[in-house]
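Listed here are the chains, written in short residue letters.
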Amino acid sequence: MIKGLGRSAMSFEVLLQEVRSCTLCAADLPFGPRPVIQVHPNAKILIAGQAPGRRVHESGVSFDDPSGNRLREWMGITREVFYDPEQVALLAMGFCYPGTGKSGDLPPRPECAPAWRGQLLGHLGNLKMTLVLGQYAQAYHFGKSRVTLTERVKAWQTYWPDKVPLPHPSPRNNLWLRRNPWFEEEVVPVLQEGVSKILNPRD
């Protein structure tokens, strides 16, 4: 049982067991269900991604890939901090690998977020910042609109520090990063400072 959380810990643990044994869209998953999440009620930062890739499906570790390496660089934190569930929660829009299409991985399965996301977020009462990666996560956290991902990321100060819209750190976005150098020049340093203040409040 999670220490120091009383009765709420039990309901959280039961929910976590249900999520990890989920088979809602098993028939549509090329390699079967394997929900990959990292979550703890004490988490201070939430990372809302899209869905696990093939490599993450195999390892069972969120962002255990080049996307994760870049994301940790953007945040300015180590793997040890990143994979501490009491510091960082990792909840993609889809918890299982959806398979690959003609132009890369398929979108997150639509069944996942409505079934589990609200329940899990309800237990994360200590969040100080949510990093919202890519179009699917941004549609969920900001609502659907005609605003493009680039426009929303440029307006990051509007949402700071509660929600931070970011491009997905995938190598597939290398071209976007080259075309938008302002992101790594202007946004990343502020993001690193904000993350540091949240995770190291006494520094």
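Everything below is about the structure shown above.
Keep in mind that this is a model prediction, so the values were computed, not measured.

Chemist: Can you tell me about the sheet that holds strand β2 (residues 88-90), naming the residues and giving the values?
Modeler: Strand order in the open sheet formed by 4 strands is β2-β1-β5-β6, with parallel pairing between adjacent strands. One side of each edge strand has no neighbouring strand; the edge strands of this open sheet are β2 and β6 (163-166). Ignoring strand direction, the axes of neighbouring strands in this sheet form an average angle of 20°. Here 4 bridges tie strand β1 (residues 45-48) to strand β5 (residues 129-133), and the two strands are oriented parallel to one another. Directly across from A48, in β5, lies its bridge partner V132. Here helix α6 (residues 134-142) sits on the sheet in contact with β1, β5 and β6, set at roughly 135° to β5.

Chemist: Outline the side chain of H168, supporting the account with residue identities and numerical values.
Modeler: Within the element layout of this structure, H168 appears in the loop between β6 and α9 (174-179). There is a polar contact of 3.1 Å between the side chain of H168 and the backbone nitrogen of S170. Beyond its immediate chain neighbours, meaning those up to four positions away, H168 contacts Q50, F63, S67, W74, L133, G134 and N173.

Scoring rules and cut-offs
- Residues numbered from 1 in each chain as written.
- Predicted model: local features only at pLDDT ≥ 70, side-chain atom pairs only at ≥ 80, totals over all residues.
- Heavy atoms only, no water.
- Pairing = 2+ DSSP bridges.
- Helix = DSSP H or I, 4+ residues; strand = E, 2+ residues; numbered from the N terminus.
- Axes fitted to C-alpha atoms, helices over the stretch in contact; angles between N-to-C directions.
- Contact = heavy atoms within 4.5 Å.
- Polar contact = N/O pair within 3.5 Å; in protein donor to acceptor, adjacent residues only side chain to side chain.

Remember that the coordinates give geometry; whether it matters functionally is a separate question.
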